[in-house]
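Read off the chains here:
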Amino acid sequence: MSAPVRRPPLPALLAAPLAVLTALTTAAFALLALAFSNGRFDGGGWLVVAVPVLLSVWLLTGALLLLLGRSWLAVFLPAAALVAVLGWVLLADGLIADSDGLLLLVWALPAGTAVLAALPGVRRWVAARRAAGDVQPAPS
């Protein structure tokens, strides 16, 4: 039996803080949406607040699971969902031209997170941790 791989690879170490930063950015968007709604959620407007909050919680949980070597999908899936939703909003509403590139950077944050979490080295590391049964914390 080979020695368990304890250290996360560099892409995983980069993906985790990017996931946290993406979650905070997404939560800030939800807070702004809540502030501008004045508590009125007509016509499904509550989704504009609920979806970012759920994705933020999922990303934070995913960052922890990634650092523990339990799951790379827990970061990849919510980050990829944000990429898709933000890409659709940016292209459908034509917001890129009016944002001076800021919204493109906001889109790049979850995109980079998703790419880093899904790299083959990260997936192999998670698979090795699972196969070795080395997902419990080391005794002190």
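The structure under discussion appears in the preceding block.
Residues numbered from 1 in each chain as written. Predicted model: local features only at pLDDT ≥ 70, side-chain atom pairs only at ≥ 80, totals over all residues. Heavy atoms only, no water.

### Notes on the layout of surface pockets
Step number 1: In this model, the largest pocket occupies a volume close to 550 Å³.
Step number 2: The wall of the largest pocket is formed by 23 residues, among which F29, P52, V85, L86 and V89 lie closest to the centre.
Step number 3: Elements represented by at least two residues in the lining of the largest pocket include exactly helix 1 (10-37), helix 2 (46-67), helix 3 (73-93) and helix 5 (102-117).
Step number 4: Of the residues that constitute the lining of the largest pocket, the class distribution is 20 nonpolar, three polar and no charged. (1 Å grid on protein atoms, 1.4 Å probe; cavity = no way out; pocket = protein on both sides within 12 Å on 5 of 7 lines; lining within 4 Å. Points joined across faces, edges and corners; volume = space filled by probe spheres on them. Helix = DSSP H or I, 4+ residues; strand = E, 2+ residues; numbered from the N terminus. Nonpolar A, V, L, I, M, F, W, Y, C, P; charged D, E, K, R; others polar.)

### Topic: helix 5
Step number 1: With 16 residues, helix 5 extends 23 Å between its outermost C-alpha atoms, agreeing within 8% with the 22 Å of an ideal straight helix rising 1.5 Å per residue.
Step number 2: Turning to helix 5, its buried residues number three or more, namely L109, P110, A111, T113, A114, L116 and A117. (Expected span 1.5 Å × (residues − 1). Buried < 20%, exposed > 50% of the residue type's maximum accessible area, 1.4 Å probe, protein only.)

### Focus on the environment of V115
Step number 1: Looking at the secondary structure, you find V115 in helix 5.
Step number 2: Between the alpha carbons of V115 and P11 there is a distance of 9.0 Å; along the sequence they are 104 residues apart.

### Focus: the packing of aromatic side chains
Step number 1: Within the structure shown, the criterion is met by one aromatic pair.
Step number 2: Between W72 and F76, the ring centres sit 5.9 Å apart and the planes meet at 55°, which makes this aromatic pair tilted.
Step number 3: Over the face of the ring belonging to W72 we find R123, whose NZ or CZ atom lies 5.7 Å from the ring centre. (Phe/Tyr/Trp six-rings, centres within 6.5 Å; stacked < 30°, edge-to-face > 60°. Lys NZ or Arg CZ within 6 Å of the ring centre and 35° of its normal.)

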